[in-house]
Amino acid sequence: IGRFDYVLTRALHSYPELFRERATGKYVGLCRSGWKVDETGFLQSADNETLPAVELTENNGVFTGRKVDLVTGRVTRETISIDTKEYDRLLPPDACVLLIHIPGGGGMTLEKCKESFKEARDFCKRYFPERSFSCFGCISWIFNPVWRESLPEANITKLQKATLAFPFTPVPKSGLYFVFAKDDG
């Protein structure tokens, strides 16, 4: 649909609990229970026995857990509480998301991306009205945070800045081949 391919599916466990404040529209992310987070704030394998599991608790509609920085995609050390009387819960464990696949080919301007998102939203409302989705999601080398510093004016950086960053397990050289036609740094 437009610039991207899409798959309607359930939210991945690697997506944070996501909330939107009703009064301001501001987004806030919290870690999910069981996540393993390293000292730099990146997700690590659940099999990592050296890291403790993060906990998210809920008591009478108040969620408490470690905050996710939605600009950098890193988990902070800050523990916060979110009251669902003031926030909408956007990504409960059973939420649907529209996963994005980014085919090669270039021409990925922010305008084309936004147009594709709108077309996909309209398509899903028309053909899958019973399966509303909470958000778009994408796990791709394109969202490697190194591009913000290395390619500040590139289309991929503009797309990063227009979206929320979720925690991931970093692969430092992810995407080098696609950008520079080599992967040796």
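Quick note: structure is the one above.
Just so we're clear, the structure is a prediction, and the values are computed from it rather than from any experiment. (Residues numbered from 1 in each chain as written. Predicted model: local features only at pLDDT ≥ 70, side-chain atom pairs only at ≥ 80, totals over all residues. Heavy atoms only, no water.)

Draft legend 1. Seen up close, the pairing of strand β8 (residues 74–83). Relative to β8, strand β7 (residues 62–69) runs antiparallel, the two sharing seven bridges. The residue of β8 that forms the bridge with Thr64 is Ser81. Connecting the antiparallel pair β7 and β8 is a turn made up of four residues, with Gly73 showing a positive phi of about 75 degrees. (Pairing = 2+ DSSP bridges. Helix = DSSP H or I, 4+ residues; strand = E, 2+ residues; numbered from the N terminus.)

Draft legend 2. Representation of a nonpolar patch on the surface in the model. A surface patch of nonpolar side chains, amounting to about 350 Å² of accessible area, comprises Ile1, Phe123, Tyr127 and Phe128. By the element assignment, Phe128 lies in the loop between α1 (110–127) and β11 (135–137). Residue classification places Phe128 among the partly exposed residues on the basis of a relative accessible area of 34%. (Patch = residues over 30% accessible without salt bridge, like charges linked within 9 Å, V, L, I, M, F, W, Y side chains within 5 Å. Areas by Shrake-Rupley, 256 points an atom, 1.4 Å probe, with all protein chains shown as cover. Salt bridge = Lys/Arg side-chain N within 4 Å of Asp/Glu carboxyl O. Buried < 20%, exposed > 50% of the residue type's maximum accessible area, 1.4 Å probe, protein only.)

Draft legend 3. Representation of the environment of Arg10 within the structure. Tracing the backbone shows Arg10 in strand β1 (residues 5–10). Counting along the chain gives 35 residues from Arg10 to Ser45, while the straight-line C-alpha distance between them is 20 Å. Sequence-distant contacts of Arg10, that is, excluding residues within four places in its chain, are made with Asp94, Ala95, Cys96 and Val97. There is a polar contact of 2.5 Å between the side chain of Arg10 and the backbone oxygen of Asp94. (Contact = heavy atoms within 4.5 Å. Polar contact = N/O pair within 3.5 Å; in protein donor to acceptor, adjacent residues only side chain to side chain.)

Draft legend 4. View of unusual backbone geometry. For Asn60, which is not a glycine, the phi torsion comes out positive at approximately 55 degrees. Mapped onto the secondary structure, Asn60 falls in the loop between β6 (57–59) and β7.

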